[in-house]
Amino acid sequence: TQPASLSQCVGTNASFVVAATGGGLSYQWRKNGVAMSNGGNISGVTTATLTITNATAVNTGTYEVVISNACATTLTSTPATLNVGALFSITTEPANTSQCVGGTAVYTVATNAGGSANFQWRANGTNMVDGGKVSGATTPTLTITSVSATDVLNYDVVLSNSCAATVTSQSATLALNTTPTVTADPS
């Protein structure tokens, strides 16, 4: 059995486990290709289970184990990654938009959090919900249909994850294009 990749919150424990058959097996865990030694928050570097207690961002990396036996046969496991802290940031901020009355406003945000982020769009600081003209209130893309003067607000999105980390986007505005009007008739 190969070790599995993990994503952990800061302060939690992480364990990599390998299973191998054969007699007289010895193990040596490596991080980023360098042999590890026990100490600090690391234990089990010469066993089938590597344990990292109270993980921090320093523990983020690629882990593998070299297994050998008395016949000098060696085998290296498949690498497994450890991501600690689930820190993330916004990579694309929502942009201001200008729409005609009755048009559709779309706001999009992108993050480097992968699938671990939760989204909550807000209008002037108030959480939005899907329904009526609003869809995507808890997704990366917010859509407001049939825009009107009541929708001329500031929109932002709060991203969060399972580690209780949050980040808020910059605010994006919605402006209405003015309808042309005749201010003076030809004489």
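Here, every reference points to the structure presented above.
Bear in mind that the values here come from a model prediction, so they are computed numbers and not experimental data. (Residues numbered from 1 in each chain as written. Predicted model: local features only at pLDDT ≥ 70, side-chain atom pairs only at ≥ 80, totals over all residues. Heavy atoms only, no water.)

A. Molecular detail of the overall build of the chain. From N to C terminus, the chain includes zero helices and 20 strands. Here the chain has a C-alpha radius of gyration of 26 Å; the compact-globule value for 187 residues is 16 Å, and the former is much larger. Once the C-alpha set of the chain is aligned to its principal axes, its extents read approximately 105 × 25 × 25 Å. Here the chain, with 187 residues, has 32% of them falling under the buried criterion. In the chain, the proportion of contacts linking residues at least 24 apart, taken out of those at least 6 apart, comes to 53%. Just so you have it, the chain exposes about 10100 Å², and 54% of that area is on carbon and sulfur atoms. (Helix = DSSP H or I, 4+ residues; strand = E, 2+ residues; numbered from the N terminus. Rg over C-alpha atoms; globule rule 2.2 N^0.38 Å. Buried < 20%, exposed > 50% of the residue type's maximum accessible area, 1.4 Å probe, protein only. Contact = heavy atoms within 4.5 Å. Areas by Shrake-Rupley, 256 points an atom, 1.4 Å probe, with all protein chains shown as cover.)

B. Representation of the nonpolar core. Core analysis: the biggest nonpolar cluster contains 21 residues, and Tyr107, Trp121, Met128, Leu142, Ile144, Tyr155 and Leu159 have the highest contact counts within it. Going through the elements one at a time, β12 (105–108), β14 (118–123), β17 (141–144), β18 (154–160) and β20 (172–176) are the ones with two or more residues in this core. Once you skip the residues sitting within four places of it in the chain, tyrosine 155 turns out to touch Tyr107, Arg122, Ala123, Met128, Leu142, Ile144, Gln170, Ser171, Ala172 and Leu174. In this structure, Ala14, Tyr27, Ile42 and Val65 belong to the second largest nonpolar core, which totals 17 residues. (Core = buried A, V, L, I, M, F, W, Y, C linked by side-chain atoms within 4.5 Å.)

C. Broad picture of the pairing of strand β6 (residues 49–52). In β6, alternate side chains face the same way, and those of Leu50 and Ile52 are buried while those of Thr49 and Thr51 on the opposite face are not. Relative to β6, strand β2 (residues 14–17) runs antiparallel, the two sharing four bridges. Looking at β6, one finds that alanine 14 is bridged to isoleucine 52. Taken together, the two bridges between strand β5 (residues 42–43) and β6 define a ladder with antiparallel strand orientation. Paired with serine 43 across the two strands is threonine 51, which belongs to β6. In this structure, the hairpin formed by β5 and β6 is closed by a connection of five residues, where glycine 44 is found at a positive phi of approximately 85°. (Pairing = 2+ DSSP bridges.)

D. How the structure looks around the pattern of salt bridges. Summed over all chains, the structure comprises three salt bridges. Note that aspartate 156 and arginine 122 form a salt bridge whose closest N and O atoms lie 2.8 Å from each other. Of this pair, aspartate 156 sits in strand β18 while arginine 122 is found in strand β14, placing the two residues 34 residues apart along the sequence. Using a relative accessible area of 11% as the deciding quantity, one classes aspartate 156 as buried. A residue is classified by how much of its surface remains accessible, and arginine 122, at 21% relative accessible area, is partly exposed. (Salt bridge = Lys/Arg side-chain N within 4 Å of Asp/Glu carboxyl O.)

E. Examining the sheet that holds β17 more closely. Taken together, three strands build an open sheet; the order of strands is β12-β17-β16 and the sheet is antiparallel. Every interior strand has two partners, whereas the edge strands, β12 and β16 (134–135), have only one. One ladder, built from two bridges, connects β16 with β17; its direction is antiparallel. Each bridged residue has a counterpart across the sheet, and for valine 134 the counterpart in β17 is isoleucine 144.

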